[in-house]
Amino acid sequence: MRTTLDTVASIGLAIGGAFGLAGTFVASAPLRETLWAIDGVALVVAAALLTMKYQRLGNDLVAAGFLTFLAGESLLLAGNAAGLEASVPSYVDGISLWAAALVLIGASNTVALWMRLTGLIAAILFVVTVGMVLWGAPLLPTSAPLPAAGYPFLVLTFAGWIWTLVRPNR
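K.L.:
Before we go on, may I ask you to explain empty space enclosed by the protein in this structure?
P.N.:
Once rolled over the atoms, a probe with the size of a water molecule shows which space is left empty. Inspection of every chain in the model, using the stated rule, returns three cavities of 30 Å³ or more. Here the largest cavity is characterised by a volume of approximately 320 Å³. Among the residues making up the lining of the largest cavity, the classes are represented as 13 nonpolar, 10 polar and four charged. Here the second largest cavity defines a volume of roughly 50 Å³. The wall of the second largest cavity is formed by Leu 50, Tyr 54, Val 62, Phe 66, Ile 105, Val 111, Trp 161 and Thr 164. Those elements giving two or more residues to the lining of the second largest cavity turn out to be helix H2 (29-56), helix H3 (60-80) and helix H6 (150-166). Residues of the lining of the second largest cavity, tallied by class, amount to seven nonpolar, one polar and no charged.

K.L.:
What is the right way to read a nonpolar patch on the surface from this model?
P.N.:
On the surface, Val 103, Leu 113, Leu 117, Leu 120, Ile 124, Val 128 and Met 132 cluster together into a nonpolar patch covering about 580 Å² of accessible area. When residues in the nonpolar patch are grouped by element, the largest group, six residues, is from helix H5 (residues 113-134).

K.L.:
Honestly, the packing of H3 against helix H4 (residues 88-106) in this entry has me stumped. Any pointers?
P.N.:
The relative placement of two packed helices is expressed as an angle between their axes plus a distance between the axes. Here H3 crosses H4 at 165°, and the two axes come no closer than 8 Å. Judged by the angle between their axes, H3 and H4 are roughly antiparallel. In this structure, the crossing between H3 and H4 has a hand that is left-handed. Its residues placed into classes, the contact of H3 with H4 shows 16 nonpolar, six polar and two charged.

K.L.:
What exactly am I supposed to notice about H2 here?
P.N.:
Compared with the 40 Å implied by 1.5 Å per residue over 28 residues, the 40 Å span of H2 between its first and last C-alpha is a close match. The N-cap of H2, judged by a side-chain oxygen 3.3 Å from the amide nitrogen of Leu 31 a few residues on, is Ser 28.

K.L.:
Even after reading the chapter, I still don't get the packing of H5 against H6, so can you show me in this structure?
P.N.:
Between H5 and H6, whose axes approach to 8 Å, the crossing angle comes to 150°. Viewed along their axes, H5 and H6 adopt a mutual orientation that is roughly antiparallel. Taken as a pair, H5 and H6 cross one another with a handedness that is left-handed. For the pair H5 and H6, the contacting residues are Trp 114, Met 115, Thr 118, Gly 119, Ile 121, Ala 122, Leu 125 and Phe 126 in the first and Gly 150, Tyr 151, Phe 153, Leu 154, Leu 156, Thr 157, Gly 160, Trp 161 and Thr 164 in the second. Along the lines of polarity and charge, the residues of the contact of H5 with H6 split into 11 nonpolar, six polar and no charged.

K.L.:
Mind showing me how you'd approach the packing of aromatic side chains here?
P.N.:
Note on aromatic pairs: each is described by the distance of the centres and the angle between the planes. Using the criterion set out here, one finds eight aromatic pairs in the structure. Seen from their ring centres, Phe 69 and Trp 161 are 6.3 Å apart, and the 85° between their planes marks the pair as edge-to-face. Remark: Trp 161 occurs in helix H6 and Phe 69 occurs in helix H3; sequence separation between them is 92 residues. On the basis of relative accessible area, Trp 161 is assigned to the buried category, the value being 4%. Taken together, Tyr 54, Phe 66, Phe 69, Trp 98, Phe 126, Tyr 151, Phe 158 and Trp 161 form an aromatic cluster joined through their ring pairs.

The rules behind the values
Residues numbered from 1 in each chain as written. Predicted model: local features only at pLDDT ≥ 70, side-chain atom pairs only at ≥ 80, totals over all residues. Heavy atoms only, no water. 1 Å grid on protein atoms, 1.4 Å probe; cavity = no way out; pocket = protein on both sides within 12 Å on 5 of 7 lines; lining within 4 Å. Points joined across faces, edges and corners; volume = space filled by probe spheres on them. Nonpolar A, V, L, I, M, F, W, Y, C, P; charged D, E, K, R; others polar. Helix = DSSP H or I, 4+ residues; strand = E, 2+ residues; numbered from the N terminus. Patch = residues over 30% accessible without salt bridge, like charges linked within 9 Å, V, L, I, M, F, W, Y side chains within 5 Å. Areas by Shrake-Rupley, 256 points an atom, 1.4 Å probe, with all protein chains shown as cover. Salt bridge = Lys/Arg side-chain N within 4 Å of Asp/Glu carboxyl O. Axes fitted to C-alpha atoms, helices over the stretch in contact; angles between N-to-C directions. Parallel < 35°, antiparallel > 145°, perpendicular 65-115°, else oblique. Left-handed = near helix turned anticlockwise from the far one by under 90°. Expected span 1.5 Å × (residues − 1). Polar contact = N/O pair within 3.5 Å; in protein donor to acceptor, adjacent residues only side chain to side chain. Contact = heavy atoms within 4.5 Å. Phe/Tyr/Trp six-rings, centres within 6.5 Å; stacked < 30°, edge-to-face > 60°. Buried < 20%, exposed > 50% of the residue type's maximum accessible area, 1.4 Å probe, protein only.

If you want it as structure tokens, here you go:
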């Protein structure tokens, strides 16, 4: 049975995915920062609710994954207002935690295989981005092909999580 918390978490994931992806492709810094602020808050709320849900269900691995995602998203949110260049340190730390979270959540068979695969692909792309930045590549959160190539896989993973929360006959 779907709960109000499942619905709120689903809405948070949907807002986070849509606004986060949109923010990556806008040229205006104030608009990008606004979209990413909304995205970040929505994802923090969703991850907090999902942490509680899976902890209550006794699935500590998935709960830890969503808690880790919450921590990563908080780092991204904290650096957002500083602008693209100044946000790189918190961005790299945040996507490192995103990658760890996606691996933790995917290590459980709680979600379908395709969601675990899209999450793993996103995690790999984020880890490669982190490595490149740490070794001196001048990448920004909006750089292509990395890290931008990871965002669609992350949003596909969100779509799967939303489906898991709202599908009938659970």
